[in-house]
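This is what each chain is made of:
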Amino acid sequence: MKNCFLILLLLLTGCNPDSETMQGAQTPEQVSLGFFNAIYVDRNVEQAKEYVDDSMKQVLSHYYIASAVQRHVLNLSMTDVTMEIEEIDIDFFRKFTKDVTVIVKMYGKKGGEQWIDDRTIRLHKVKNRWLIVEVLPEKGNIN
């Protein structure tokens, strides 16, 4: 009886997800908002690097300061920014998806005037962690 209990206990603990990886796991929404918050609110490029892959880290390192990243990488210089997730391209079976796009809507000031804009980013799941791999070009308005 004791042996059966030990075997059952080992099987049950072996099936539990690793608590260390579960604590560090963030959703694509959290990663997206964390990145934009680091650039627009905290104005901290080093903090933003936590949310991107190696190639994006090189780009962020090249521009070095948040205002340059806003201007050259995101093509949107803003202040007093608040943001929300507008749309996420992900299905019900989220755990099996490896590639998503997220649209972040931002509210703030651009050139001293109230401004609302959005940016679309692509994320990949790498080793159970979502990382931003690309800022997608914005679609131009057709007049």
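One can find the structure itself at the top, above this paragraph.
Predicted model, so just to flag it, every value in this text is computed and none were measured.

Digging into the side chain of Lys49
- Looking at the element boundaries, Lys49 is found in the loop between helix H4 (45-48) and helix H5 (54-63).
- Not counting residues within four places of it along the chain, the set of residues in contact with Lys49 comprises Lys57, Leu60 and Ser61.

Digging into the pattern of salt bridges
- Under the counting rule described, the total for this entry stands at six salt bridges.
- Note that Arg119 is salt-bridged to Asp117, the shortest N-O span being 3.1 Å. Each member of the pair Arg119 and Asp117 is classed as buried.
- As a salt-bridge pair, Arg122 and Glu134 come within 3.4 Å of each other at their nearest N and O atoms. Note that Arg122 is positioned in strand E3 (residues 113-126) and Glu134 in strand E4 (residues 129-135), a separation of 12 residues in sequence.
- What makes Arg122 partly exposed here is its relative accessible area of 23%.
- Residues participating in the shared-partner salt-bridge network are Asp99, Arg122 and Glu134.

Regarding the nonpolar core
- Within the largest apolar cluster, 30 residues are counted, with the highest numbers of intra-cluster contacts made by Phe35, Phe36, Tyr40, Leu74, Met106 and Ile132.
- Residue contributions to this core peak at six residues, all from helix H3 (residues 28-41).
- Setting aside residues up to four positions removed in sequence, Phe35 forms contacts with Ala48, Tyr51, Val52, Leu60, Leu74 and Ile132.

Quick notes on H3
- Given a rise of 1.5 Å per residue, 14 residues ought to cover 20 Å, and the 19 Å separating the end C-alpha atoms of H3 matches this to within 8%.
- Burial of H3 is extensive: 10 of the 14 residues sit out of reach of the surface.
- Two residues or fewer past H3, Arg43 is found with a positive phi of approximately 55 degrees.

Thoughts on the pairing of E4
- Across six bridges, E3 lies against E4 in antiparallel orientation. Note that in E4 the partner of Arg122 across the bridge is Glu134.

Quick notes on the sheet that holds strand E1 (residues 79-89)
- Spatially, E1-E2-E3-E4 is the arrangement adopted by the four strands of the open sheet, whose pairing is antiparallel. Only two strands of the sheet have a single neighbouring strand rather than two, namely E1 and E4. Taking the axes of each pair of neighbouring strands and ignoring which way they run, one obtains an average angle of 35 degrees across the sheet.
- Packing against the sheet, H3 makes contact with E1, strand E2 (99-110), E3 and E4, and its axis sits at approximately 160 degrees to E1.

Quick notes on unusual backbone geometry
- At Asp80, a position not held by glycine, the phi torsion is positive, near 50 degrees.
- Note that Asp80 resides in strand E1.
- Of the residues examined, Asp80 reaches a relative accessible area of 57% and is grouped as exposed.
- One non-glycine residue, Asn128, adopts positive backbone phi at about 60 degrees.
- Position of Asn128 among the secondary structure elements: in the loop between E3 and E4.

What about the environment of Gly108?
- On the secondary structure map, Gly108 appears in strand E2.
- Taking the C-alpha atoms as reference points, Gly108 and Met78, separated by 30 residues in sequence, lie 6.2 Å from one another.
- Once you skip the residues sitting within four places of it in the chain, Gly108 turns out to touch Met78, Thr79, Asp80, Val81, Glu113, Gln114 and Trp115.

Thresholds, definitions, all that
- Residues numbered from 1 in each chain as written.
- Predicted model: local features only at pLDDT ≥ 70, side-chain atom pairs only at ≥ 80, totals over all residues.
- Heavy atoms only, no water.
- Helix = DSSP H or I, 4+ residues; strand = E, 2+ residues; numbered from the N terminus.
- Contact = heavy atoms within 4.5 Å.
- Salt bridge = Lys/Arg side-chain N within 4 Å of Asp/Glu carboxyl O.
- Buried < 20%, exposed > 50% of the residue type's maximum accessible area, 1.4 Å probe, protein only.
- Core = buried A, V, L, I, M, F, W, Y, C linked by side-chain atoms within 4.5 Å.
- Expected span 1.5 Å × (residues − 1).
- Pairing = 2+ DSSP bridges.
- Axes fitted to C-alpha atoms, helices over the stretch in contact; angles between N-to-C directions.

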